[in-house]
Amino acid sequence: MCLELILNAVNINFVTFSDFFDSRQLKGNILSIFIISIATTEAAIGPAIVLSIYRNRKSIRINQLNLLNKWY
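Here we summarise the structure given alongside this text.

Calculation rules
- Residues numbered from 1 in each chain as written.
- Predicted model: local features only at pLDDT ≥ 70, side-chain atom pairs only at ≥ 80, totals over all residues.
- Heavy atoms only, no water.
- Helix = DSSP H or I, 4+ residues; strand = E, 2+ residues; numbered from the N terminus.
- Buried < 20%, exposed > 50% of the residue type's maximum accessible area, 1.4 Å probe, protein only.
- Axes fitted to C-alpha atoms, helices over the stretch in contact; angles between N-to-C directions.
- Parallel < 35°, antiparallel > 145°, perpendicular 65-115°, else oblique.
- Contact = heavy atoms within 4.5 Å.
- Nonpolar A, V, L, I, M, F, W, Y, C, P; charged D, E, K, R; others polar.
- Expected span 1.5 Å × (residues − 1).
- Phe/Tyr/Trp six-rings, centres within 6.5 Å; stacked < 30°, edge-to-face > 60°.

### As for the side chain of Ser-32
Structurally, Ser-32 is set in helix α2 (residues 27-57). Under the relative-accessibility criterion, Ser-32 is labelled buried at 6%.

Here it is in C-alpha cells:
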C-alpha cells in the first residue's frame, strides 16, 4: 500500500510538470499510465503469492512457513 501511494504521488508530479512545461507532448501522461500498470501488477502479485502458498501448504500461518528451507 505504501509503494502504491508513492507511485501515485509520482504520477501526479509527472502529469503536472508535463502539462506545465510542455503541454503539446504527452510524455508525462504516458509515463504515468505505465506506472499505474506497474502498480496494478504489483497489487495483484501479493495476493497471488499468498494464494499459491495456501494451495501448497494448506495454511498461511507465518510460524508454519519454511519455504526457503530445503530440508523439511
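### Section: the environment of Asn-13
Relative to the helices and strands, Asn-13 resides in helix α1 (residues 2-21). Take Asn-13: its relative accessible area is 41%, and that puts it in the partly exposed class. As for Asn-13 and Gly-28, which are separated by 15 residues in sequence, their C-alpha atoms are 8.5 Å apart.

### Describing the packing of α1 against α2
Contact geometry of α1 with α2 gives a least axis separation of 8 Å together with a crossing angle of 170°. In this view, α1 runs roughly antiparallel relative to α2, as classed from their interaxial angle. Residues Leu-3, Glu-4, Leu-7, Val-10, Asn-11, Phe-14, Val-15 and Ser-18 of α1 form the contact with α2, whose own contacting residues are Lys-27, Gly-28, Asn-29, Leu-31, Ser-32, Ile-35, Ile-36, Ala-39, Glu-42 and Ala-43. The residue inventory of the contact of α1 with α2, partitioned by class, reads 10 nonpolar, 5 polar and 3 charged.

### Here's the deal with α2
Look at α2: 45 Å from first C-alpha to last across 31 residues, which is about the 45 Å you get at 1.5 Å a residue. Within the span of α2, buried status applies to Gly-28, Ser-32, Ile-35, Ala-39 and Ile-53. The secondary structure elements touched by the buried residues of α2 are α1. Where α2 ends, the next residue or the one after it, Lys-58, has phi of about 60°, a positive value.

### Overview of the packing of aromatic side chains
This structure, assessed with the given rule, holds 2 aromatic pairs. Relative to Phe-21, the ring of Phe-17 has its centre 5.9 Å away and its plane inclined at 15°; by these criteria the two rings are stacked. With Phe-17 and Phe-21 both in helix α1 and 4 residues apart, this pair spans about one turn of that helix. Owing to a relative accessible area of 63%, Phe-21 belongs among the exposed residues under this scheme. Ring plane angle 75° and centroid distance 4.9 Å describe the contact between Phe-20 and Phe-21, whose orientation is recorded as edge-to-face. Using a relative accessible area of 64% as the deciding quantity, one classes Phe-20 as exposed. Cluster of aromatic residues (ring-pair linked, three or more members): Phe-17, Phe-20 and Phe-21.

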